[in-house]
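Architecture and fold: a report
Listed below, chain by chain, are the residues.
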Amino acid sequence: MDKMPKWADVVLIPLISVILALLVSGLVVAIIGESPWRAMQVMVKGAFGSAYGWGYTLYYATNFIFTGLAVAVAFHARLFNIGGEGQAALGGLGVAVILLAVDWPHWTLALAAAMGFSMLFAATWAAIPAYLQAKRGSHIVITTIMFNYIASALLVYLLVNVLRVEGSMAPESASFAAATHLPSAADFAGGLGFRGSTPLNISIFLALIACVLVWLLIWRTRLGYEIRAFGHSETAAVYAGINPTKIIMITMLISGALAGMMAINVVMGEAERLVLDFVEGAGFVGIAVALMGRSHPVGVVLAALLFGALYQGGAELQFEMPAISREMIVVIQALVILFTGALDNMVRMPVQKLFLALKRRRDDAARPNPTE
Amino acid sequence: MTDAPAIELRGISKAFGPVQANKDIAMSVARGTIHGIVGENGAGKSTLMSILYGFYKADRGEIFINGKATAIPDSQAAIRAGIGMVHQHFKLVENFTVVENVILGAEDGAMLRPSIAKARRLLTELSEEYGLKVDPDAIIEDLSVGHQQRVEILKQLYRHADILILDEPTGVLTPSEADQLFLILERLRAEGKTIILITHKLREIMEITDTVSVMRRGEMTNTVKTADTSPAALAEMMVGRKVLLQVDKTQAQPGEVVLSVRDLRVTRGGVTRLKGVSFDIRRGEILGIAGVAGNGQTELLEVLGGMIAASGGSVSLFGQPLDITGTAANGQTRRARGIGHVPEDRQTEGLIMPFEAWENVAFGYHFDPKYNSGPLMDNAAIRADCADKMARYDVRPPNPRLPARNFSGGNQQKIVVAREMDRAPDLLLVGQPTRGVDIGAIEFIHKQIIALRDQGKAILLVSVELDEIMGLSDRIAVMFDGQIMGERLPQDTDQNALGLLMAGVTEGAA
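Residues numbered from 1 in each chain as written. Chains lettered and ligands numbered in written order. Predicted model: local features only at pLDDT ≥ 70, side-chain atom pairs only at ≥ 80, totals over all residues.

**Quick notes on the overall build of chain B**
Within chain B one finds 17 helices and 22 strands. Over its C-alpha trace chain B gives a radius of gyration of 25 Å, about what one expects of a compact globule, namely 24 Å for 510 residues. Dimensions of chain B along its principal axes, counting C-alpha atoms only, are 70 × 55 × 45 Å. Taken across its 510 residues, chain B has 45% of its residues classed as buried. Long-range pairs, those at least 24 residues apart, make up 67% of the contacts in chain B with a sequence separation of at least 6. (Helix = DSSP H or I, 4+ residues; strand = E, 2+ residues; numbered from the N terminus. Rg over C-alpha atoms; globule rule 2.2 N^0.38 Å. Buried ≥ 20, exposed ≤ 12 C-beta atoms within 10 Å, placed from the backbone. Contact = placed C-beta atoms within 7 Å.)

Here it is as structure tokens:
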């Protein structure tokens, strides 16, 4: 069969990459004169040591699952959607628009409407680069990244000039009505120690459902089959009668909608109003999450959890060890991205060789010796 | 000059992972001879030549050049040892001139002008000496394929090659170009050069080589004098059993017209590829399209298969028009109308290489209700169908879960053939059905095509292999420069006559 068992590809290689990244991070921490061991303890404790830590870790992970799935779905069609940042921002706008415009009697109805609007706005934002790619051949990497800036500028304009509350200095919308507030972890899992301050809310279940749906879409439906076929070979797709324009458009609409769902967690679930720059880089982290998770929903969940922990643990770290600045946290996160994404082959090649050597030795041992 | 052989290999072995590509190979080629190497795909010919040219390092074994043990760690060392290689796919810079290509990598200094002047002088001498006429200042992309190949040979001679390795050199040539190449090779031999010719065309081996070695499963099984052997004997040595080189078939019984093509035109990238092509194919008939690659056959298959749009003309199937320009011109609607399509390139068109065999069996037919249950694909049903097809079409190994890229070329092609032919389409489009396929699989695929014809189906066969066209077709149309130059019956024509048509020479001019 292939070069190595699947578990090595999915678990072992990312694990080695993360360990290497942490070792280098430790080196950097040591260079600035702090104890890497203590820093590590603070980060792990901060992320997983308390219900408070878990709340934030899972809250961030929810964001990264959505944006990671968005990138992963596009990857299957070999489309590099790095516009998750802008698409999520537009998703947030959609959430705010519908929650402010209608007087919702119950959060379930509000949630359904907010989901529809966040996905609609975000998918529309993704549709323009998709159309330009499908019809004009404009490279989607370039257009989606430019659309991030346009989205950002658009939100600044709307928050400052249109949605800002009269008399307020802050560039944020009015707070949503209490009836639209999503149940938080304190409501549905208070027994586990989550308190009212936790940002974790029921959106995490939506994220997990999205994982299942994406898995079904990619590996069980005709559309997913066509998306994967197109991703591997456009010529072959055309031969089979698959319409490239259709696949590019649909894939990017799904990808954009997933990125937009991230706004449900942040805008509706946590902030309960639209604030400036609420995406906070989650769109970009999604790229790393999808890369590390091999574009598979299970991998995406695991990678999202890792990055959630890095975000939360990192925040604790700069609080506990002032010598380690915010920029240092970014360095650590960047190292993880570097090792799991860009330097993947550095780990992969030796591991592959190792498995091949082991296999050959096993085969040789199994083969009867003709001279005997 | 010594009497030592130009090349002697002793005990060459090379393994890639668990695959033993070359096993204890011994070979000796006398100076001034042409030595052929034949073998099926994956028999280890390319590996052996790559070792000789320094691309791979042998695990074991020694190479002697002119009786001297020589290490060849890289291609630079091979060039120093006087070995030159002409690859199947030329390594030329398309927008450079001949002389620029020849000196590329062998410039004398930082300034080009003196090198070019010297090269031009040398090239003229070499051209005259070996009958390799090429304009040194022509741009490569303006030259015919045959002339490009001459540039490749000149490049090697310019680097003082005494031993030339040619890998499938006639694959891209017209028969007359191939004849000219053989004249050149004979001249090179007369001048004392040693030539190793790798080919799967047994006719060429018989025509030009002095000795021939047969490789099978990584081993060199036989080396014989060409004069003492025959194509049938060579084929048997290659495959390990008796092989039918000629296809057995009865006289065609053509019925009603299935496909009718009228004045079909295709323009792609601003270039007119089809310039008004018309023909009919009837039930129970194979129409073979002969021609050198790149004369519009690819576009003909693609437009009939719904992959590209036509710019004019009309096509009808059983008298009903076929959309060749609009939105219904795609592979799905073609399949729905009963058109099967074995594409020219199985690796980039016919198969998704990372997909497992079963996923490829559904490719293009993934909307078939028997492959689906509700909104989801019925993977179990597809796998069962795949296992069934693999058994009936002798795909080895018969494992539906193996990715397509892990099958040999012949077995990949059998997967495509099984998928496209098992539904007994009314019209089958077949492009290069046996390109890069081993002899055993060729025999099998040819039998399948004949069997489909005998079921009363219409078949359009495009191939650059004249033997294949002659052996399978009931009628032969020759394409040149986007047009059909003429139609012949296989029993009334021969390779030379077809070769002239393939080069664009019609009776009037000839």
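Still more to cover.
**Considering the overall build of chain A**
Scanning chain A from N- to C-terminus turns up 15 helices and 0 strands. In terms of C-alpha radius of gyration, chain A reaches 23 Å, essentially the compact-globule figure of 21 Å for 372 residues. Principal axes of the C-alpha set define a box for chain A whose edges measure 90 × 60 × 40 Å. The 372 residues of chain A split such that 47% are buried. Long-range pairs, those at least 24 residues apart, make up 76% of the contacts in chain A between residues at least 6 apart in sequence.

**Details of the pairing of strand 22 (residues 483-488) of chain B**
All names here are of chain B. Strand direction decides the pairing type here: strand 21 (residues 475-480) and strand 22, joined by 5 bridges, are antiparallel. Across the sheet, residue Ile476 finds its bridge partner in strand 22, namely Arg488. Between strand 21 and strand 22, which pair antiparallel one after the other, the connecting turn spans 2 residues, and Asp481 there sits at a positive phi close to 50 degrees. (Pairing = 2+ DSSP bridges.)

**Looking at the domain arrangement of chain B**
All names here are of chain B. The domains assigned to chain B are domain 1 (7-239) and domain 2 (257-502). Opposite the 10 residues of domain 1 that make contact, domain 2 presents 14 residues. When residues of the side of domain 1 that touches domain 2 are assigned to their parent elements, the largest contribution, 3 residues, is made by helix 8 (residues 231-239). Split by residue class, the side of domain 1 that touches domain 2 holds 5 nonpolar, 4 polar and 1 charged. (Domains from an automatic or database assignment. Nonpolar A, V, L, I, M, F, W, Y, C, P; charged D, E, K, R; others polar.)

**Focus on helix 14 (residues 326-342) of chain A**
Taking 1.5 Å per residue, 17 residues should reach 24 Å; helix 14 of chain A reaches 23 Å between its end C-alpha atoms and fits that length. All buried positions along helix 14 of chain A are accounted for by Met328, Ile329, Ile332, Leu335, Val336, Ile337, Phe339 and Thr340 of chain A. (Expected span 1.5 Å × (residues − 1).)

**Notes on the packing of helix 4 (residues 84-101) of chain A against helix 5 (residues 107-136) of chain A**
Residues and elements named next belong to chain A. Contact geometry for helix 4 and helix 5: axes closest at 7 Å, N-to-C directions at 140 degrees. Between helix 4 and helix 5, the angle falls in the class oblique. Crossing of helix 4 over helix 5 shows right-handed handedness. Touching Gly86, Gln87, Ala88, Leu90, Gly91, Leu93, Gly94, Val95, Val97, Ile98 and Leu99 of helix 4 are Ala110, Ala113, Ala114, Phe117, Ser118, Met119, Leu120, Phe121, Ala122, Trp125 and Ala126, all from helix 5. Each residue belonging to the contact of helix 4 with helix 5 can be placed in one class, and the counts come to 17 nonpolar, 5 polar and no charged. (Axes fitted to C-alpha atoms, helices over the stretch in contact; angles between N-to-C directions. Parallel < 35°, antiparallel > 145°, perpendicular 65-115°, else oblique. Left-handed = near helix turned anticlockwise from the far one by under 90°.)

**Examining helix 13 (residues 379-392) of chain B**
Residue and element names in this part refer to chain B. End to end, helix 13 covers 20 Å across 14 residues, agreeing with the expected 20 Å (1.5 Å per residue, within 8%). Looking at helix 13, one finds that the buried residues are Ile382, Asp385, Cys386, Lys389 and Met390. Buried positions in helix 13, seen along its axis, are confined to an arc of 135 degrees and lie on one side of it. In helix 13, those exposed residues whose orientation departs by more than 90 degrees from the buried face are Ala380, Ala391 and Arg392. Residues of helix 13 that are buried make contact with helix 12 (357-361), strand 18 (376-377) and helix 14 (409-421). (Arc of directions from axis to C-beta.)

**With respect to the interface of chain B and chain A**
With 24 residues of chain B at the interface, the matching set in chain A holds 17 residues. Of all elements in the fold, only helix 10 (331-336), helix 11 (346-350) and strand 18 of chain B reach the threshold of two or more residues within the side of chain B that touches chain A. When the residues that make up the side of chain B that touches chain A are grouped by side-chain class, the tally is 11 nonpolar, 11 polar and 2 charged.

**With respect to the sheet that holds strand 12 (residues 271-282) of chain B**
Residues and elements named next belong to chain B. If you trace the 4 strands from one edge of the open sheet to the other, you get 12-11-14-15, paired in antiparallel fashion. Bordering the open sheet on either side are strand 12 and strand 15 (320-322), each of which pairs with just one other strand. Put simply, the sheet's adjacent strands are angled 25 degrees from each other on average, direction ignored. Sheet topology note: the strand 11 (residues 257-268)/strand 14 (residues 312-317) ladder contains 5 bridges and is antiparallel. By the bridge assignment for strand 14, Arg265 is matched with Gly312.

**Concerning the nonpolar core**
By size, the foremost hydrophobic cluster in this structure holds 257 residues, and its most contacted members are Leu69 of chain A together with Val478 of chain B. When residues of this core are assigned to their parent elements, the largest contribution, 16 residues, is made by helix 3 (residues 51-76) of chain A. Two domains share this core, each providing at least three of its residues, namely domain 1 (7-239) and domain 2 (257-502) of chain B. (Core = buried A, V, L, I, M, F, W, Y, C linked by C-beta atoms within 7 Å.)

**Quick look at the sheet that holds strand 19 (residues 427-431) of chain B**
All names here are of chain B. If you trace the 6 strands from one edge of the open sheet to the other, you get 16-19-20-13-21-22, paired in mixed fashion. The open sheet is flanked by strand 16 (339-342) and strand 22, the only strands paired with a single partner. On average, each strand axis in the sheet is inclined to that of its neighbour by 20 degrees, with strand direction left out of account. For strand 13 (residues 285-290) and strand 20 (residues 458-462), the ladder comprises 5 bridges, and the chain directions are parallel.

**Remarks on the pairing of strand 14 of chain B**
Residues and elements named next belong to chain B. Taken together, the 3 bridges between strand 14 and strand 15 define a ladder with antiparallel strand orientation. Paired with Val315 across the strands is Leu322, a residue of strand 15. Counting the residues between successive antiparallel strands, the hairpin from strand 14 to strand 15 contains 2 residues, one of them, Phe318, with a positive phi of roughly 50 degrees.

**What about the environment of Leu9 of chain B?**
All names here are of chain B. Along the chain, Leu9 falls in strand 1 (residues 7-16). Leu9 sits in the buried class, given 21 other C-beta atoms within 10 Å. Contact partners of Leu9, with chain neighbours within four places excluded, come to Ile25, Ala26, Met27, Gly61 and Ile63.

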